[in-house]
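Reading the structure
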Amino acid sequence: SDWTIQVTCEGGNAEQTNVRPYYVHKTFLGAGKYRAEYFQTLFKSAMKTTEMRTCTSCISLQSSSVEAFPDMLDHIYTGKCNVETKNVVALRSLS
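First things first, this report covers the structure right here in the doc. (Residues numbered from 1 in each chain as written. Predicted model: local features only at pLDDT ≥ 70, side-chain atom pairs only at ≥ 80, totals over all residues. Heavy atoms only, no water.)

1. Here we look at unusual backbone geometry
Of note in the backbone geometry, cysteine 55 takes a positive phi value of approximately 55° without being a glycine. Tracing the backbone shows cysteine 55 in the loop between helix H3 (50-54) and strand S3 (56-61). (Helix = DSSP H or I, 4+ residues; strand = E, 2+ residues; numbered from the N terminus.)

What follows is the structure, given as structure tokens:
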């Protein structure tokens, strides 16, 4: 991997914050067939942000979106996604 996404749950206190790191590839995130528009824009940018210097994106999500995040990454990597009633709203908010 050449990029890390650190996902935390919104609303948790600092002592209970559970950071979930995902070690991913910029090619899939920003240039793949099912790329994420955010990462495509970030990687094409000439700006030298902390995010670019550390090769790490830190995002805070609602708990349902935290749980659905791996499903979204599956879609970016494979084009397939496990959509169920329990994750459909979260996937929509992640899109």
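Next, the rest of the story.
2. As for the pattern of salt bridges
Under the counting rule described, the total for this entry stands at 2 salt bridges. Between glutamate 67 and arginine 20 there is a salt bridge whose closest N-O contact spans 2.9 Å. Here the residue glutamate 67 occupies a position in helix H4 (residues 63-78), and arginine 20 occupies one in strand S2 (residues 20-24), the gap between them amounting to 47 residues. We classify arginine 20 as partly exposed; its relative accessible area is 27%. Between glutamate 84 and lysine 86 there is a salt bridge; the shortest N-O distance is 3.7 Å. Of the residues examined, glutamate 84 reaches a relative accessible area of 32% and is grouped as partly exposed. (Salt bridge = Lys/Arg side-chain N within 4 Å of Asp/Glu carboxyl O. Buried < 20%, exposed > 50% of the residue type's maximum accessible area, 1.4 Å probe, protein only.)

3. Some thoughts on the layout of surface pockets
Considered as a void within the structure, the largest pocket measures approximately 400 Å³ in volume. In terms of lining, the largest pocket is formed by 22 residues, of which the most central are Ala36, Phe69, Met72, Leu94 and Ser95. Residue assignment for the lining of the largest pocket shows that the elements contributing at least two residues are helix H2 (37-44), S3, H4 and helix H5 (88-94). If you tally residues by element for the lining of the largest pocket, the top one is H4, at 5 residues. Looking at side-chain class alone, the lining of the largest pocket contains 13 nonpolar, 6 polar and 3 charged residues. (1 Å grid on protein atoms, 1.4 Å probe; cavity = no way out; pocket = protein on both sides within 12 Å on 5 of 7 lines; lining within 4 Å. Points joined across faces, edges and corners; volume = space filled by probe spheres on them. Nonpolar A, V, L, I, M, F, W, Y, C, P; charged D, E, K, R; others polar.)

4. Some points on the sheet that holds S2
Strand order in the open sheet formed by 3 strands is S2-S1-S3, and the pairing between neighbours is mixed. The open sheet terminates on both sides in strands that have one partner only, identified here as S2 and S3. Looking at each pair of strands side by side, their axes are set apart by 20° on average, direction ignored. Across the sheet, H2 is in contact with strand S1 (3-9) and S3; its angle to S1 comes to roughly 135°. (Pairing = 2+ DSSP bridges. Axes fitted to C-alpha atoms, helices over the stretch in contact; angles between N-to-C directions. Contact = heavy atoms within 4.5 Å.)

5. What about a nonpolar patch on the surface?
Side chains of Val83, Val88 and Val89 sit close together on the surface and give an oily, nonpolar patch of about 270 Å² of accessible area. Mapped onto the secondary structure, valine 89 falls in helix H5. (Patch = residues over 30% accessible without salt bridge, like charges linked within 9 Å, V, L, I, M, F, W, Y side chains within 5 Å. Areas by Shrake-Rupley, 256 points an atom, 1.4 Å probe, with all protein chains shown as cover.)

Function cannot be inferred from these measures alone, as they are strictly geometric.
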